[in-house]
Amino acid sequence: MVHAVQDRVGGALGWAPRPAATMQNNIVWRDGVQVMRVDLHMHTEVSHDCRTPLRDIPGWMLRTNTRVIAVTDHDQQRGGPELQAIIRDQGLDDRLSVIPGEEVTTSEGELIGLFLQERIPPKLTPEETVREIRAQGGLVLLQHGFDPLKRYRLRPEATERIAADIDIVETFNSRLSRHRWNRAAAEWARARGLPMSAGSDAHTLRDIGEAWVETPFRTVHTPTQLLEALREGVVAGRWTHPAYAFGQKQWRNFNSQFRR
C-alpha cells in the first residue's frame, strides 16, 4: 500500500505525494500490445461507507495495471476531481485516468453517472437523474441491475423505462449475490448492442480492480474514448460472495489502522 507523507506546506491538497518513480508499475503486454484494466465502479473515503484514502489509490492502480477507474461515490461527485488533482501532482497523467462519477440514489434504486461536472442530488426519479447526467455531457451506466438481492438495485420497471437512455451495462460486478446475475446483465446488454463494463464495487483499497475490462492501453478523458476502449475490451473479474466480502472489508479496515 502506498502512503503519502503529510506536509502542511506541500501539494495542492495539503500533502506531499510519494514520487511516482518509487511506486511499483506493473505493465502488461499481450501479443506485443500494452493492455490495461478498466474498473468503472468503486468507492473512496468520500462515500459514507468507505475509508479508502484518495492518496493511496494511484499507487494501487499502477501496481494492479488498473489504468482507468471511475470514482462513483454514493451521492457524491467530488472524489473524482480530487483524485485527478492528486494524479496531476504526481505527474501520472500519461499513465492513469480517472473518470469523475457518482452512484446516484434515485427514487427507484441506484444509477451511475460518468463524466460528471457536479454532484447530482439523490431521490430524483430515474428519468430526472438521466436528464441530469445528460445535461452534464455524461454517460449513464446501469450497475448491478439484475440481482434481486441487491438492496439498492434499480427496479426492473424503472430499468425498462430508461432502457433507451442507458449507455453502458455493468456485466461483471464482484459483489453480486450470485454470478448468474452477471450473465443475465450480459445477455441484456448483448440484446441491445450496448457496451459492457466491469465494476469491483470496491469499498477497500485492495478491492479496486477485482473486476475489469482488459483493453489496449490509452488515456481516457472523454465519453467517446471510454466507449471505444470498452468495445475493444474483454470483461473479466473475480467474484466474491457478499457475506465473505463484508467480513473481508471489516478485517482490511481494521488492519489498515495499524499500517498508518
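Residues numbered from 1 in each chain as written. Predicted model: local features only at pLDDT ≥ 70, side-chain atom pairs only at ≥ 80, totals over all residues. Heavy atoms only, no water.

1. Some words on the overall build of the chain
How we decide: Where helices and strands are cited, they refer to DSSP runs of H or I of at least four residues and of E of at least two residues respectively, numbered from the N terminus. Accessible area is worked out with a 1.4 Å probe on protein chains only. A residue is then buried under 20% of its type maximum, exposed over 50%, and partly exposed in between. The contact criterion used throughout is that any non-hydrogen atoms of two residues lie within 4.5 Å. Only the protein chains shown count as covering a residue, and every accessible area follows the Shrake-Rupley method with a 1.4 Å probe.
On a plain count of helices and strands, the chain comes out with seven helices and 12 strands. Buried positions account for 55% of the 260 residues belonging to the chain. Of all intrachain contacts in the chain linking residues separated by at least 6 positions in sequence, the fraction that spans at least 24 positions is 71%. Summing over all exposed atoms, the chain offers an accessible surface of approximately 11,700 Å²; the carbon and sulfur share of this is 50%.

2. Some details on helix α1 (residues 57–64)
Counted residue by residue, α1 has seven buried out of eight residues, so it is predominantly covered. Residues of α1 that are buried: Ile57, Pro58, Gly59, Trp60, Met61, Leu62 and Thr64. Buried residues belonging to α1 abut β4 (33–42), β5 (66–71), α2 (79–89) and β6 (97–106). Backbone geometry just downstream of α1 places Asn65 in the positive-phi region, at approximately 60°.

3. Notes on the pattern of salt bridges
As a reminder of what qualifies: Salt bridge, as applied in this entry: a Lys or Arg side-chain nitrogen positioned within 4 Å of an Asp or Glu carboxyl oxygen.
By the definition in use, this model includes 10 salt bridges. With a shortest N-O distance of 3.1 Å, Asp207 and Arg175 are connected by a salt bridge. One end of the pair, Asp207, is in the loop between β10 (196–199) and β11 (211–216); the other, Arg175, is in the loop between β9 (168–173) and α5 (180–192), with 32 residues separating them in the sequence. Like Arg175, Asp207 is buried.

4. Quick look at the environment of Gln117
Relative to the helices and strands, Gln117 is located in the loop between β7 (109–114) and α3 (126–135). Overall, the relative accessible area of 62% leaves Gln117 in the exposed class. Look past the residues within four positions of Gln117 in its chain and what remains in contact with it is Gln77 and Gln136.

5. Considerations on the nonpolar core
What counts, and what does not: Within this scheme, the nonpolar core is defined by two criteria: the residues are buried Ala, Val, Leu, Ile, Met, Phe, Trp, Tyr or Cys, and they are joined through side-chain atoms within 4.5 Å.
Counting 24 residues, the largest nonpolar core has Leu111, Leu142, Ile166, Val169 and Trp188 as its most contacted members. Sorting the residues of this core by element identifies α3, β8 (139–142) and α5 as the ones contributing at least two each. When residues in this core are grouped by element, the largest group, five residues, is from α5. If you look at the next biggest cluster of nonpolar residues, it comprises 20 residues, including Met23, Ile69, Val71 and Val98.

6. Here we look at the side chain of His43
Under the convention used in this document: Distance and chemistry together define a polar contact, namely a pair of N or O atoms within 3.5 Å, with one atom able to donate a hydrogen and the other to accept it when in protein, and with adjacent residues in sequence counting only for side-chain atoms on both sides.
Here His43 lies in the loop between β4 and α1. Given the relative accessible area of 0%, His43 is considered buried. A distance of 3.1 Å separates a polar side-chain atom of His43 from the backbone oxygen of Thr72. Not counting the four nearest positions on each side in its chain, His43 is found in contact with Cys50, Thr52, Thr72, Asp73, His74, Glu103, Asp201, Ala202 and His203.

7. A closer look at the packing of aromatic side chains
For clarity, the threshold we go by: The aromatic pairing rule takes the rings of Phe, Tyr and Trp, using the six-membered ring of Trp, and pairs them if the centres are within 6.5 Å, calling planes under 30 degrees apart stacked, those over 60 edge-to-face and the rest tilted. Both a distance and an angle decide whether a charge sits over a ring: NZ of Lys or CZ of Arg must be within 6 Å of the ring centre and within 35 degrees of the ring normal.
Under the criterion given, the structure shown has one aromatic pair. Residues Phe146 and Trp188 carry aromatic rings whose centres are separated by 5.6 Å and whose planes lie at 55° to one another, so their mutual orientation is tilted. Here Phe146 is found in the loop between β8 and α4 (156–161), whereas its partner Trp188 is found in helix α5, with 42 residues between them in sequence. Cation over ring: Arg37 sits above Trp212, and NZ or CZ is 3.5 Å from the ring centre.

8. A word on the pairing of β10
Operational definition: A pair of strands is considered paired only if DSSP assigns at least 2 bridges between the two.
Covered by surrounding structure in β10 are Met196 and Ala198 together with Ser197 and Gly199, the residues of both alternating faces. By the bridge criterion, four bridges tie β9 to β10 in an arrangement that is parallel. Each bridged residue has a counterpart across the sheet, and for Phe172 the counterpart in β10 is Ala198.

9. Examining the confidence of the model for the chain
Put simply, the rule is: As a per-residue measure, pLDDT tells how confident the predictor is, with possible values from 0 to 100.
When pLDDT is averaged across the chain, the result is 89; 85% of the residues are at 70 or more. A low-confidence stretch, residues 1–14 stays under pLDDT 50, and its non-local contacts, those more than four residues away or across chains, total 33 contacts.

10. Notes on the environment of Ala20
Its place among the elements puts Ala20 in the loop between β2 (15–16) and β3 (28–30). In this structure, the C-alpha to C-alpha distance between Ala20 and Asp89, residues 69 residues apart in sequence, is 9.8 Å. What Ala20 contacts, discounting residues up to four positions off in sequence, is Gln90 and Leu92.

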